[in-house]
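# An overview of the molecular structure
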Amino acid sequence: MFITDIRKEFYEVVANQRVALLVAADIDALCACKILQALFHCDQVQYTLVPVTGWQDLGTAFLEHKEQFRYFVLINCGANVDLLEMLQPDDDMVFLSVTLTDRWMWSMSTMTVRCISLVLFFHILVLQCLFMRVCFFFFLPQVKLLIKQDDDLGVPSYDDIFRDEDEEEEGDDSGNDSDDGSEPSGKRRRFDEGALERRIERQRAKREWEARRREILFDYEQYEYHGTSASMMIFELAWVLSKDTKDMLWWAVIGLTDQWVHDKITHMKYVTDVATLQRHVSRHNHKNEDEENSLSIDCMRISFEYDLRLTLYQHWSLYESICNSCYTTCNFKLWTLNGQKKLQEFLADMGLPLKQVRQKFNSMDLSIKENLKDIIEESSNKYGMKDIRIQTFGVHFGFKNRFLASDMVHATTALLESTEKDENDGDNFIKALDSLSRSNLERLHSGIDQAKKKLIAIQQTVASCICTNLILSQGPFLYCYLMEGTPDVKLFSKPLALTLLCKYLLKAFVLSTRNKRCKLLPLIMAAPRDTEKGTVIVVGIPPESETSDKKNFFGRAFEKAAESTSSRTLHDHFDTSIIELKMEDRSKFLDALITLLS
């Protein structure tokens, strides 16, 4: 069953209960968590926050809290597996499944559906957003789903997946039952040719149905992709409750921008969702126009902007931002001498003094900053970068602090996967969550500094891989392995950092290679995960294309390859295209993937 009233069928169900809030380690989940926390605080809902990084954490958290809580809210985790089988809750539990689409692909084989987003089962609610295998809950009367109506699930019909075997058994026995008593006991029964033909026809129809079912399930389950972010869905809940604030709206903006920064959704989907949030921004700005505190030093102003695709340029120098932004680095091919020369020509064409370009953005002359966007856009068009500007949002905290939504994403991600200190994932999670509050600007600036180091490491690694030909064509896919001892290799033992590096590297390779076939191939990248345990982290991404639908098939491929070779793998990440693999099994695992995908 699908939820039609998010207020009555979801929020009011948990509003008067104690709730365990289980949140995945990604930025959209953090933003959805912040919005839900604000709603809980407003209505004095008691809750306990538990960060989870994978399936093992999720199972452990449930076991630890199931005696104290009847309601579990899962954000961006848990909707791509059969939770009933995995967690084995009590039989008397009723499952109310609310789906906030960000991850899609619900596995039918375990009665699953395709939409990871928000699942609340009577006591377990999952807010998620990756379309992978998600429990086929909508066929169960005790389970309810909340799904973004605009998202196309493409879920097969019930009759295509399930059959009623009772009718078949009755049909098989009907022919024999009809003959009982119709013949004398001493005589042989007359052979019912009509019944035999009907049985053969039913068996043939059943085989055809099973073959069609396997084909439907294969087409349905082979991909994972993303839809509407969880934070946007929770913000819409706050709007319906008339409790939405500018802070909640800003968190929703960050959640959407996280999808764009990490290349999870198509450009059309991003533009559509930006338009939705833009209307909310206009509404809030109009509502506060006449308030006396609209110019307070503590005020918060969100604005829609058509800004530059230069990462952290307002907190960096313009030159460093250009050199470490994926868009400009790949288009200029800055890992080559010709690329460096082209960059100098680009700066000369803009007519900006090198002294101004190389100093902090905040220290640049005001006269230059006023027309900087138009100057860069004009020169970018001459160098083939016609989409140097993109629709986004910015925020002002008082008169001094200004951030773009992408700045927040990079800073929070850097804090979430920090490797600078020997702190556990839980500590990093809390720091990243705190950085989203405007009262913790010092922590946010710390995240920005870490993000700069991370971006520099990514661009240096991309240049090294391209120049030393570390990207190898394995037939159906490209492959790159970062060996132990590579600079900053510890940074790329984290899933989000390695995924971002993988996407940047594929874009750079596509723009630099002359092999047309290689331009159409996906990329698998591996890096050392734990040297003591001898494991590597492996991530796969789809081909780079402007028309790409962002569907990823590596999750199923990794499962099949590991199964066929008995490779020692750990499928613990909520994103199935990220796994951990024993170093010794790497060769046979790749050979199996080549055979499987050829």
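Before reading on, note that the structure itself is shown above.
As the structure is a prediction and not an experimental result, all values here were calculated from the model. Note on numbering: residues in each chain are counted from 1, in written sequence order. Where local features are concerned, this predicted model is filtered to residues with pLDDT of at least 70; where side-chain atom pairs are given and counted, the filter is 80 or more; whole-chain, interface and lining totals use all residues. As a rule here, side-chain values come from all non-hydrogen atoms in the structure, and water together with hydrogens is ignored.

## Here's the deal with the packing of aromatic side chains
Aromatic rings from Phe, Tyr and Trp, taking only the six-membered ring of Trp, are treated as a pair when their centres fall within 6.5 Å; an angle between ring planes under 30 degrees marks them as stacked, one over 60 as edge-to-face, and anything in between as tilted. By the definition in use, this model includes 15 aromatic pairs. Ring centres of Phe304 and Phe393 lie 5.6 Å apart, and the angle between their planes is 70°; on these two criteria the pair is classed as edge-to-face. On the criterion of sequence distance, the pair formed by Phe304 in strand β8 (residues 300-308) and Phe393 in strand β9 (residues 389-397) is long-range, its members being 89 residues apart. The rings of Phe553, Phe554, Phe558 and Phe589 are connected pair by pair, giving a single aromatic cluster. Just above the ring of Phe69 sits the side chain of Arg18; from NZ or CZ to the centre is 4.6 Å. The ring centre of Tyr481 lies 4.1 Å from the NZ or CZ of Arg586, which sits over that ring. Runs of E in the DSSP output that reach at least two residues are strands. Runs of H or I that reach at least four are helices, and both are numbered from the N terminus. Charge over a ring is defined by NZ of Lys or CZ of Arg lying within 6 Å of the ring centre and within 35 degrees of the ring normal.

## Let's talk about empty space enclosed by the protein
Here the term cavity refers to a set of points on a 1 Å grid, laid over the protein atoms alone, in which a 1.4 Å probe fits but cannot get out; the term pocket refers to an open set having protein on both sides within 12 Å along at least five of seven lines, with lining residues being those that place an atom within 4 Å of a point. Grid points are joined across faces, edges and corners, and a volume is the space filled by probe spheres set on the points. Within the structure shown, the criterion is met by two cavities of 30 Å³ or more. Estimated volume of the largest cavity: approximately 60 Å³. Lining of the largest cavity is provided by Asp263, Lys503, Leu506, Ile541, Pro542, Pro543, Glu544 and Lys550. All residues other than Ala, Val, Leu, Ile, Met, Phe, Trp, Tyr, Cys, Pro, Asp, Glu, Lys and Arg, Gly among them, are scored as polar; the first ten of these are nonpolar and the last four charged. Split into classes, the residues belonging to the lining of the largest cavity amount to four nonpolar, no polar and four charged.

## Quick word on the packing of helix α2 (residues 27-42) against helix α8 (residues 230-240)
The axes used here are C-alpha line fits, helices contributing only the stretch in contact, and every angle between their N-to-C directions lies in the interval 0 to 180 degrees. Remark: α2 packs on α8, axes separated minimally by 7 Å, with the N-to-C direction vectors making an angle of 15°. Here α2 lies roughly parallel to α8, going by the angle between them. Helix-helix and strand crossings are classified by hand; for α2 and α8 the assignment is left-handed. Of the residues in α8, those in contact with Asp28, Cys31, Ala32, Ile35, Leu36 and Leu39 of α2 are Ala230, Ser231, Ile234, Phe235, Leu237 and Ala238. The labels follow the angle: roughly parallel below 35 degrees, roughly antiparallel above 145, roughly perpendicular from 65 to 115, and oblique for the rest. The crossing is said to be left-handed when, going from far helix to near helix, the turn is anticlockwise and less than a right angle, and right-handed when the turn is clockwise. By definition in these notes, contact holds between two residues if any of their heavy atoms fall within 4.5 Å.

## Some details on the sheet that holds strand β10 (residues 401-404)
Pairing is antiparallel across the open sheet formed by three strands, whose spatial order is β8-β9-β10. The sheet terminates laterally at β8 and β10, the two strands that pair on one side only. When the angles between neighbouring strand axes are averaged without regard to direction, this sheet yields 25°. Only strands that DSSP links by at least two bridges are regarded as paired with each other. Direction of pairing for β9 relative to β10: antiparallel, over a ladder of four bridges. For Gly394, the partnering residue across the bridge sits in β10 and is Leu404. Taken strand by strand, helix α10 (residues 267-287) contacts β8 and β9, and its axis lies near 35° from that of β9.

## What to know about the environment of Phe492
Structurally, the position occupied by Phe492 is in the loop between β12 (478-481) and α20 (495-512). By relative accessible area, Phe492 is classed as buried at 0%. Spatially, the C-alpha atom of Phe492 lies 9.9 Å from that of Cys502, the residues being ten residues apart in sequence. When near neighbours in sequence (up to four residues on either side) are disregarded, Phe492 contacts Ala457, Ile458, Thr461, Leu482, Ala497, Leu498, Leu501, Ala527 and Ile537. Three exposure classes are used, based on accessible area relative to the maximum for each residue type with a 1.4 Å probe and protein chains only: buried under 20%, partly exposed in between, and exposed over 50%.

## What to know about unusual backbone geometry
In this model, Gln44 sits at a positive phi of 55°, which is unusual for a non-glycine residue. With respect to the secondary-structure elements, Gln44 resides in the loop between α2 and β2 (47-52). Relative accessible area serves as the criterion here: at 70%, Gln44 is assigned to the exposed category. The residue Asn469 is not glycine, and still its phi comes out positive at about 55°. The topology assignment puts Asn469 in the loop between α19 (441-467) and β11 (472-473). Owing to a relative accessible area of 59%, Asn469 belongs among the exposed residues under this scheme.

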